[in-house]
Every structure is written in C-alpha cells, then in structure tokens.
Amino acid sequence: MEPTHAALREAFRARGRQLWLVGGALRDRLLGIASHDIDYATDALPDEVEEIARGLGARVTTVGKRFGTIGVLLEGEWVEITTFRGDSYAPGSRWPDVTFGRSIEEDLARRDFTITAFAENAHTGEWLDLFGGEADLRAGIIRAVGEPAARFREDPLRILRGVRFVSQLGFRLDPATAAGMRETAHLIAALSQERITAELDKLLQGRAPAAGLEALRETGALPFALPELAGMPGCEQNRFHRFDVWGHTLATVDAIAVDPENRRIRRWAALLHDLGKPAVRHTKPNGEWGFYRHEVVGAELAEALLERLRFGRADAHVVVLLVRRHMERPDPADRRAVRRFMAKLGGHWRDLLALKRADNASHTYDDTAYHDALEAACLRAEQEEAEAIRAESPLSGDDLVRMFDRPPGPWIGVIKRQLGAMVLDGELAPGDRAAAERIARRLMGRG
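All figures in this text were calculated on a predicted structure; none of them were measured in a lab. (Residues numbered from 1 in each chain as written. Predicted model: local features only at pLDDT ≥ 70, side-chain atom pairs only at ≥ 80, totals over all residues. Heavy atoms only, no water.)

**A few points about the environment of M342**
Note on placement: M342 falls in helix α17 (residues 335-344). With 40 residues separating them in the primary sequence, M342 and E382 have C-alpha atoms 8.8 Å apart. (Helix = DSSP H or I, 4+ residues; strand = E, 2+ residues; numbered from the N terminus.)

**Remarks on the side chain of D359**
Tracing the backbone shows D359 in helix α18 (residues 349-359). Although D359 lies buried, it forms no salt bridge, and the closest oppositely charged side chain, K277, sits 6.0 Å away as judged by the N-O distance. (Buried < 20%, exposed > 50% of the residue type's maximum accessible area, 1.4 Å probe, protein only. Lys, Arg positive; Asp, Glu negative; His and termini not counted. Salt bridge = Lys/Arg side-chain N within 4 Å of Asp/Glu carboxyl O.)

**Some points on the pattern of salt bridges**
Within this structure, the stated rule accounts for 37 salt bridges. D155 is the partner of R195 in a salt bridge, and the nearest nitrogen-oxygen pair spans 2.9 Å. Placement of R195 in helix α9 (residues 193-204) and of D155 in the loop between α6 (148-154) and α7 (157-169) is noted, with a sequence separation of 40 residues between them. Accessibility assignment for this pair places R195 and D155 in one class, buried. Between R164 and E199 there is a salt bridge, with its nearest N and O atoms 2.8 Å apart. With a gap of 35 residues between them, R164 in helix α7 and E199 in helix α9 connect regions that are remote in the sequence. Take R164 and E199: they sit in the same class, and that class is buried. Each of R15, R17, D43, E48 and E51 takes part in one network of salt bridges that share partners.

**Quick notes on the nonpolar core**
Judged by nonpolar contacts, the single largest core of 98 residues is most densely connected at L229, W268, L272 and L306. In this structure, L272 is in contact with L229, A302, L305, L306, V319 and V323, ignoring residues within four places of it in sequence. Counting residues in hydrophobic clusters, the runner-up holds 14 residues, among them I412, L419, V423 and L428. (Core = buried A, V, L, I, M, F, W, Y, C linked by side-chain atoms within 4.5 Å. Contact = heavy atoms within 4.5 Å.)

**Examining the sheet that holds strand β2 (residues 39-42)**
The strand order across the open sheet formed by 7 strands is β3-β4-β5-β2-β1-β8-β9, and the pairing between neighbours is mixed. Among the strands making up the open sheet, the edge pair consists of β3 (60-61) and β9 (127-129). Here strand β8 (residues 118-121) pairs with β9 via 3 bridges, running antiparallel. Bridge pairing in β9 links A119 to L128. Along the sheet, helix α1 (residues 5-14) makes contact with β1 (19-22), β2, β4 (69-74) and β5 (77-83), crossing β2 at roughly 5°. Across the sheet, helix α2 (residues 24-31) touches β1, β8 and β9, and the angle it forms with β8 is around 95°. (Pairing = 2+ DSSP bridges. Axes fitted to C-alpha atoms, helices over the stretch in contact; angles between N-to-C directions.)

**Section: the layout of surface pockets**
In this structure, the largest pocket spans a volume of roughly 1600 Å³. If you trace the largest pocket, you find 50 residues lining it, with D39, E80, R85, R161 and R164 closest to the centre. With 7 residues, α7 is the single largest residue contributor to the lining of the largest pocket. By residue class, the composition of the lining of the largest pocket is 17 nonpolar, 13 polar and 20 charged. Empty space within the second largest pocket amounts to approximately 440 Å³. Counted by class, the lining of the second largest pocket contains 6 nonpolar, 8 polar and 10 charged residues. (1 Å grid on protein atoms, 1.4 Å probe; cavity = no way out; pocket = protein on both sides within 12 Å on 5 of 7 lines; lining within 4 Å. Points joined across faces, edges and corners; volume = space filled by probe spheres on them. Nonpolar A, V, L, I, M, F, W, Y, C, P; charged D, E, K, R; others polar.)

**Quick look at the environment of F341**
Turning to its location among the elements, F341 is positioned in helix α17. Of the residues examined, F341 reaches a relative accessible area of 2% and is grouped as buried. Sequence spacing of F341 and R329 is 12 residues, and the spatial spacing of their C-alpha atoms is 8.5 Å. Apart from residues lying up to four places away in sequence, F341 is in contact with E328, P330, W349, L352, L374 and C378.

**What to know about the pairing of β1**
Side chains L19 and L21 of β1 all project onto a buried face; the interleaved residues W20 and V22 project onto the opposite face, where all are buried too. Pairing geometry for β1 and β2, over 4 bridges, is antiparallel. Across the sheet, L21 pairs through a bridge with Y40, a residue of β2. The pairing of β1 with β8 spans 3 bridges and is classified as antiparallel. In the strand pairing of β8, L21 is matched with E120.

Right under this line is the structure:
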C-alpha cells in the first residue's frame, strides 16, 4: 500500500523541512477543476527528498533528479517533489540549467505565469500569492511573472506553455506578456523536439484549440514551432470559403466533433487537412484560386511533419490517411462506391466523416444533407456487408509465393490489391480461393 500525503507531510515536518503545494493543483482548485497534477516544492535537496520517500516505503522515480525533481507514488498517483529552484537557459542549450534556491518566495519569483505562481504550506495551510495570480485567474488572463522577455529567455518553452494555457483554460494573453513572447519567439528553435511536440499536443487537445493556435501565430511562434504551417495565414481561397487557409483551418479544428478516445487524431487531422493548399495554389481559367490535388501533396507534407515531430507511427498513419482522403465524395446511393470509400479508410470512416463535417463548417454552402446521407450509407454497409468491407484477398502472400515459386516482392501487393478490389465489387466471393487462383494466374500471365 502506497504512503499517504499525510505521511509525507509528517516525514518532512520531522526533518524540519519545508513542504509547499504549488502550481497546477492550486490553480485547478481555484477554478473548480478536478486535478491529478500534484506538485510539491521543498528546501530539501533531491538526495534528501529521495531518502525521505524511500524511508516511507514509497515507489520513487529519479528521471527528473538532475532538474531537482523526485517522483513519488502516493495514494495511487505520482506526485513530483522539487527542490526550490531557479531555471536559466544558456544560449543554444536544449535544456534548462538548474540552480537550487533557499526559499519559497525565491522559487515562486522564478516561475513562468502568475496563475501558477502561488503556494500553500503543506504543514500550516499558509497561502502565498505574491504576484496577483488569483486576480488573473478571475480575469482569465495569462501574465508572466516579472519581466516577460526575461522569463522567456530563461526557458523559451514557456512561450508554448502560455499559448497552451490559452487553449486549455480559454484565457487570453496579457499584452505585455504577448509582446515578450514576440521578442523571444526565435529562441524556440533551441528547444528539443520532444518538449515542443508535448506542448503542441496539449494545445490541440484543449477546450479552445483555435484560440491557442491563433495565439501561436500572434506571438510569432508559429514559424518556429510549426514552420510547415507558416504559409497558411494570408493564403486566400475561392468563393466557396469564408476565410483564408489559416482561418479555415482554425474553424475546422474548433468544429470537429471529438471525444477522449479520438481527440488527438481528429484535432491533428483538422489542423493538417489543408496543409498542401499553399504549395499547390494556382489561378484557374475563370480567375479563381484552385487547389488541385492539395490533399495528395498535403498528405506527403503531413507525413514528413509528423515524423519530424516524432508523433508516433500508428497515430501518424491515421492522420495522414485522413488528410489524403478528406476530399473523397462517394455517391451514398452507390453501394459499391461506399464500400470502396470505407475500405480505403481501414476502420476510420467515422473520423473522416467528422473531418468532412468540420471542413464544411466555414464553407459558403451547406453540405449537411450529403454528409447525413453518406453516414447512413456507411452505417448500412457496416451492418449488412461487414465481410465485403474488409476487402481481403482470398489468397495470402504466402499462398502466392507457393503458387508461383517466386521470392516475395512488390508483385504480391499488386495481385492482392486486385483480388481485394474484386471482392469489394462483388466479382469474387471473399472465400473463393479457386477462383482467386485462376485470376492470379491470369494476372501473372500478363506480366
């Protein structure tokens, strides 16, 4: 059984060590939000913190020890206990240097934003709010502690944290804080990709993602955090759109329907669905802007972007697939076309339909009736034709290797795709191996 918070407090008290509850847990309490982000600050050095925790029989992680942080498992949840500190950022460094302080006041003065710069004494309940954090919470303002540019030079990740809070909390940036971000946005280039990606991920999964993305642009951070998107603002569209590519993208991100299971994939797909438009924009004979094959180019760009972000192969595959297919428009009355549409999406047709609905949210026309019809057709196909939707070739790759006594190669994929397409079209029964073998021999005979 893990130790309790009360046992931890008593162990620190017995050592004569300070222990303060700090940061997000206090902010969320004031906002009336449930929080599992428990952080303590202390005057004990990391070695002593580890010793105290192990003395309680707690599970401990020391991954962040070089930054002054010890992770401790209490009552089923991991908490972080960090020695009073002040972070600084050496030019060109990818991680903050850490110096330890002696007081909670010094520790709070080095924090990034006022809405996380208060503390509660775990022993006495004493409350410290030295920078007006409670007032900023009530006003919905994100304000840097002290001189903004200095805070962001110490650690440029704070710029991304600030715009992430815009998305997560629905707050707005204090003008002086936004100005400090613009002054130092170029320093984001010094950060490790893992830290940048983590903040972008949280931003996109917040309650107001479009506001967070717009703050990213307004602070000048967009070209350094997501340079691939820098061509979207100001990229005008045709009469079927209310906004430029950037405005349309933000509207799509805000409009897409999400739940906890699909929020990450759908929000990223919404963000990247028109990534290819600036690259392919051209003037059509009628004088309007055209974006021919932007979904194909966009999928290629999205794949490269997500690889740079170290996004994770499985989720990246789905996002790229949705970008590539978001312009497809099968006839809901054509069962064969609907089956093909679903088969291409590998089980993600609901995600694509959500993207298509959100994509239409800022068009100058209403496509709701079509999307409703397509959804009904997909549901009918899913219920009645599950076997055909899988579009599996009756022959495996091993079957084909044995049949033709040839080493594996691209030729296997060509034949299996053709057989699968014939299953979809009803020209070949899913389990008819004999017919599939005849067709495969005919295909091979054609070279």
